[in-house]
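Examining the three-dimensional arrangement
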Amino acid sequence: MTETSSPGVFVSWTAWWTSVAPDTVSLRYFLVLAQELNFTRAAARIGIAQPALSARMRRLEAELGTSLLVRNTRSVVLTTAGAALAESAPPALAALDRAWDTARHAGAGELGTLRIGYSLSVGAETAPALVDRLIHSSPGLEVGAVPMATPEISPAVADGRIDAGITRGEQPGRGVRRFLLRGERVGVQLAQHHPLAEHAEIEIAEAAAYPLRLPDRTANPVIHDQLSALFRDIRPAPRFRTPAVSFDMSQRDLRDGLTLAPAGEAAVTAAPAGLTWRPLHGAPTLTIHLVLPREQSPLHRRIRTVAKTLAYELHWLPD
């Protein structure tokens, strides 16, 4: 509907709205009065002066164009219109309250569908923890998370195929913002019976004496380069092996003690039976990042808030 100066064709939006939308505050006051049938008691329940309540009721009747109450010095009686309003208003107000709540939750990023892409290397602990927290903190969110090739996550966030990503390392990509979610000590995963497993911490040169198992670089060039760089100055040069199957779950060469696998501290939680993890002395920290679009909606801001709270609660980041 639009404003117009032509009489009788269109009603202005303002006039139309005020003709069909009564003052909801006065309507709520009326319902209290309809229960008490006494201006003094109703005003006390509401917490306003009696004259202010009387003025509200007169204005409500004027808006509706009908009498709602029969007043005298001793009592208040509902008219037929008043009784009808007292019966029909509560469910209408309840529906309105639900609509307001829905709008508020949507504005806070607590409603909708949330799609998260994560690299396989964070799927054992970090991604499940964040997804679980999002589900429990925002019941109105429908959360889905899928593993993706790490180099594809930032582009998928940027073009809207997913709403958020979780990656190891600060992956390159335009149109996104990266937030540090977790810092991990770097170590090696190895067989429990391996001689180096007896040490609480392993020297980088000692680890380099054994074949080192690294995933194919195409799976995550950033992390691959960071891990291989740990051994750049070691002589003789270490021997790197790439498993035939990326993220091979059997890890037989590790179990047999033939190789070591440089890995972040999350490997402690994800270590299969027969394997353990030891930190490398002097190694830098690996990082895990939350990836969000550069232009962020309330939903994205909600993810960021929940992720930040979770990171500090679980000591993923320093206080």
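Each remark here, short or long, concerns the structure printed above.
The sections below set out a description of the structure shown in this document. Sequence positions are assigned chain by chain, starting from 1 and proceeding in written order. Predicted model: local features are reported for residues with pLDDT of at least 70 only, side-chain atom pairs are reported and counted for 80 or more only, and whole-chain, interface and lining totals are derived from all residues. Calculation of side-chain values draws on the structure's entire complement of heavy atoms; hydrogens and water are dropped beforehand.

1. Observations concerning the packing of helix H6 (residues 126-137) against helix H12 (residues 298-313)
Interaxial angles span 0 to 180 degrees and are taken between N-to-C directions of axes, which are lines fitted to C-alpha atoms, for helices over the stretch in contact. The numbering of helices and of strands both runs from the N terminus, where a helix is a DSSP run of H or I of at least 4 residues and a strand a run of E of at least 2. H12 packs onto H6 with a crossing angle of 120 degrees between their chain directions and a minimal axis gap of 10 Å. By the criterion of interaxial angle, the relationship of H6 to H12 is oblique. For the element pair H6 and H12, the recorded crossing hand is right-handed. Contact with H6, carried on its side by Ala129, Leu130, Arg133, Leu134 and Ser137, involves Arg302, Ile303, Val306, Ala307, Thr309, Leu310 and Glu313 of H12 and no other residues of that element. Following the grouping adopted for this structure description, the nonpolar residues are Ala, Val, Leu, Ile, Met, Phe, Trp, Tyr, Cys and Pro, the charged ones are Asp, Glu, Lys and Arg, and the polar ones are all others, Gly among them. Partitioning the contact of H6 with H12 into residue classes produces seven nonpolar, two polar and three charged. We call two directions roughly parallel when the angle between them is under 35 degrees, roughly antiparallel when it is over 145, roughly perpendicular when it lies between 65 and 115, and oblique otherwise. The handedness criterion is simple: a crossing whose near helix is rotated anticlockwise from the far helix by less than a right angle is left-handed, and one whose near helix is rotated clockwise is right-handed. In this analysis, two residues are considered to be in contact whenever any of their non-hydrogen atoms come within 4.5 Å of each other.

2. A closer look at the environment of Leu37
Tracing the sequence through the fold places Leu37 in the loop between helix H2 (24-36) and helix H3 (39-46). Per-residue accessibility, obtained with a 1.4 Å probe over protein chains only, is compared with the maximum for each type, and a residue is labelled buried under 20%, exposed over 50%, and partly exposed between these values. Taking the relative accessible area as the measure of exposure, Leu37 reaches 35% and is therefore partly exposed. Along the backbone, Leu37 and Leu69 are 32 residues apart, and their C-alpha atoms lie at a distance of 9.2 Å. Among residues more than four places away in sequence, those in contact with Leu37 are Val76 and Leu78.

3. Quick notes on the pattern of salt bridges
Salt bridges are counted wherever a side-chain nitrogen of Lys or Arg sits within 4 Å of a carboxyl oxygen of Asp or Glu. Considering all chains together, one arrives at 10 salt bridges under this definition. Here Glu36 ties to Arg41 by a salt bridge, and the two come within 3.1 Å at their closest N and O atoms. On the basis of relative accessibility, which here comes to 44%, the residue Arg41 falls in the partly exposed class. For the salt bridge of Glu170 with Arg178, the shortest nitrogen-to-oxygen distance reads 3.8 Å.

4. Regarding unusual backbone geometry
For the peptide bond that leads from Arg235 to Pro236, omega is -5 degrees, which places it in the cis range. With respect to the helices and strands, the residue Pro236 is situated in the loop between helix H9 (221-229) and strand E9 (240-241). For Leu37, which is not glycine, the phi torsion reads 50 degrees and is therefore positive. For His315, which is not glycine, the phi torsion reads 60 degrees and is therefore positive. Since its relative accessible area comes to 61%, His315 is described here as exposed.

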